[in-house]
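Chain and residue survey
Each chain, letter by letter, is given below.
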Amino acid sequence: MAFVKVVKNKAYFKRFQVKYKRRREGKTDYYARKRLILQEKNKYNTPKYRLVVRISNTDVTTQIVYARIQGDVVMAAAYSHELPRFGVKVGLTNYASTYATGLLLARRLLKKLKLDTIYAGAKEANGEEYNVEDVDGKPGAFQCFLDVGLARTSTGARVFAALKGAADGGLHIPHSVKRFPGYDKDSKEFKADVLRKYIFGLHVADYMKELKGDDEEAYKKQFSGYIKAGVTAESIEAMYKKAHAEIRKDPEFKPKPKKTLPEGKKQKRWTRAPLNRAQRNDRVRQKKESFLKKVAALADN
């Protein structure tokens, strides 16, 4: 019999080191995380802020986060499901809504830090490159770095829409225009009007017109939510312009009012209501009496 080398022997398993839990689950890129959270020693306990952007099938989550040994601390957060409050009721995960969510986060954070009047951000969302500059004699611009998680950073990706929204909102986020729609890697030119088109959802409007002309039934099926909300291809740009203005006017988070039941209707319970001390004692007394009656009946028989 030929000699077979044992590759994974006892010594191998004794020295095996298990990876971090979130690496095993495929949730965290620790190579990127390490570089995003490590701060220079001469800055002592100054946090290194991250603009965290996560996009799901139904929502866009943006947060300003910094790391501590106990865990990450969230300073501010904004979600695309908040946009209906500002007039955007459909397409909550498209490029335009992701931009609006980034803008909402920036204005909300700056208002919390009382910097919203000093750093107003870009006057107009025209797609041009905008980088906030420090104001002399005032606190410096709030700096953070984009954290995309495991998302692909291809040109035109929606994570960069949130970055652009936050940058236009007055945050200092180091970036270039190479990943925005409108950048041509061959000619190395950036067309701001193409990015503006995406910021105001005009790419969606063009597709709506095209689909409506080609197949009316498919249009009604795919854009049923838009039709129900009364949003047309012609009104999309105005909808997002109004949303940007409303966000700048009042970006603070407002919790939804609690639902109240109609008069005379009680909340339905799925579990037994808790008993107080007197009720518990009475329950024990009844059980005792019932048990003693059974014992007496057996003794008589």
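Heads up: these notes are all about the structure in this document. By convention here, each chain's residues receive numbers from 1 onward along its written sequence. Whole-chain, interface and lining totals are the exception, using all residues; otherwise, since this is a predicted model, local features are given only for residues with pLDDT of at least 70 and side-chain atom pairs are given and counted only at 80 or more. Values reported for side chains reflect all heavy atoms of the structure, with hydrogen atoms and water molecules removed beforehand.

**Points about the pairing of strand β3 (residues 71-79)**
- Between any two strands, at least two bridges found by DSSP are needed for them to pair. Each helix corresponds to a stretch of at least 4 residues labelled H or I by DSSP, and each strand to a stretch of at least 2 residues labelled E; elements are numbered beginning at the N terminus. In the sheet, strand β2 (residues 60-68) pairs with β3 via 8 bridges, with the strands oriented antiparallel. The residue of β3 that forms the bridge with Arg-68 is Gly-71.
- Here β2 folds back onto β3 in antiparallel fashion, the turn holding 2 residues.

**Let's talk about the packing of helix α6 (residues 192-199) against helix α7 (residues 202-214)**
- Here an axis means a line fitted to C-alpha atoms, over the contact stretch when the element is a helix, while the angle between two N-to-C directions is reported on a 0 to 180 degree scale. At their nearest, the axes of α6 and α7 sit 5 Å apart, and the two run at 75 degrees to each other. Comparing the axis directions of α6 and α7 gives the class roughly perpendicular. Packed against α6, whose contacting residues are Arg-196, Lys-197 and Tyr-198, the element α7 presents Leu-202, His-203 and Asp-206 at the interface.
- In this count, Pro and Cys sit with the nonpolar residues alongside Ala, Val, Leu, Ile, Met, Phe, Trp and Tyr, while Asp, Glu, Lys and Arg are called charged and the others, Gly among them, polar. Here the contact of α6 with α7 is built from residues that sort into 2 nonpolar, 1 polar and 3 charged. Comment on the angle field: the value is read as roughly parallel under 35 degrees, roughly antiparallel over 145, roughly perpendicular from 65 to 115, and oblique elsewhere. What makes two residues a contact is simply this: any of their non-hydrogen atoms within 4.5 Å.

**Quick word on the packing of aromatic side chains**
- A pair of aromatic rings is counted whenever rings of Phe, Tyr or Trp (Trp by its six-membered ring) have centres within 6.5 Å, and the orientation is called stacked for planes under 30 degrees apart, edge-to-face for over 60 and tilted otherwise. Scanning the model with the defined rule gives 10 aromatic pairs in all.
- Pairing Tyr-49 with Phe-142 gives two aromatic rings, centres 4.6 Å apart and planes at 40 degrees, and the pair type is tilted. Linking Tyr-49 in the loop between α3 (30-37) and β1 (50-55) with Phe-142 in the loop between α4 (95-112) and β4 (145-147), this pair joins segments that are 93 residues apart in sequence. No difference in accessibility class separates Tyr-49 from Phe-142, as the two residues are buried.
- Each ring, one from Tyr-207 and one from Phe-223, has its centre 6.0 Å from the other, and the planes form 55 degrees; the classification is tilted. Pair noted here: Tyr-207 is in helix α7 and Phe-223 is in the loop between α8 (216-222) and α9 (224-229), with a separation of 16 residues, a long-range link.
- Owing to a relative accessible area of 6%, Phe-223 belongs among the buried residues under this scheme.
- The ring of Tyr-31 is capped by Arg-35, whose NZ or CZ atom sits 3.7 Å from the centre of that ring. Throughout, exposure labels follow a simple rule: accessible area from a 1.4 Å probe, protein chains only, divided by the maximum for the residue type, with under 20% read as buried, over 50% as exposed, and the rest as partly exposed. Lysine NZ or arginine CZ positioned within 6 Å of the ring centre and within 35 degrees of the ring normal marks a charge as sitting over the ring.

**Thoughts on the environment of Lys-19**
- On the secondary structure map, Lys-19 appears in the loop between α1 (10-15) and α2 (21-24).
- Separated by 182 residues in the primary sequence, Lys-19 and Gly-201 have C-alpha atoms spaced 43 Å apart.

**Observations concerning the pattern of salt bridges**
- Just to be clear on terms, a salt bridge is a Lys or Arg side-chain nitrogen sitting within 4 Å of an Asp or Glu carboxyl oxygen. Per the counting criterion, the structure on display carries 14 salt bridges.
- The partner of Glu-25 in a salt bridge is Lys-27, and the shortest N-O contact between them spans 3.3 Å.
- Note that Asp-168 is salt-bridged to Lys-164, the shortest N-O span being 3.3 Å. Separated by 4 residues within a single helix, Asp-168 and Lys-164 lie in helix α5 (residues 159-168), roughly one turn from each other.

**A look at the sheet that holds β4**
- Read from one edge of the open sheet, 4 strands run β3-β2-β1-β4, paired in mixed fashion. Lying at the two open borders of the sheet, with one neighbouring strand each, are β3 and β4. Adjacent strand axes in the sheet meet at a mean angle of 30 degrees when their direction is disregarded.
- Seen against the sheet, α4 touches β1, β2 and β3 and runs at an angle of roughly 115 degrees to β3.

**Things to note about unusual backbone geometry**
- The backbone phi angle of Tyr-44 is positive, close to 55 degrees, even though this residue is not glycine.
- Looking at where Tyr-44 falls in the secondary structure, it is placed in the loop between α3 and β1.
- Overall, the relative accessible area of 74% leaves Tyr-44 in the exposed class.
- Within the chain, Lys-188 stands out as a residue other than glycine whose phi angle is a positive 55 degrees.
- If you trace the backbone, Lys-188 turns up in the loop between β5 (183-184) and β6 (189-190).
- Lys-188 sits in the exposed class, given a relative accessible area of 63%.

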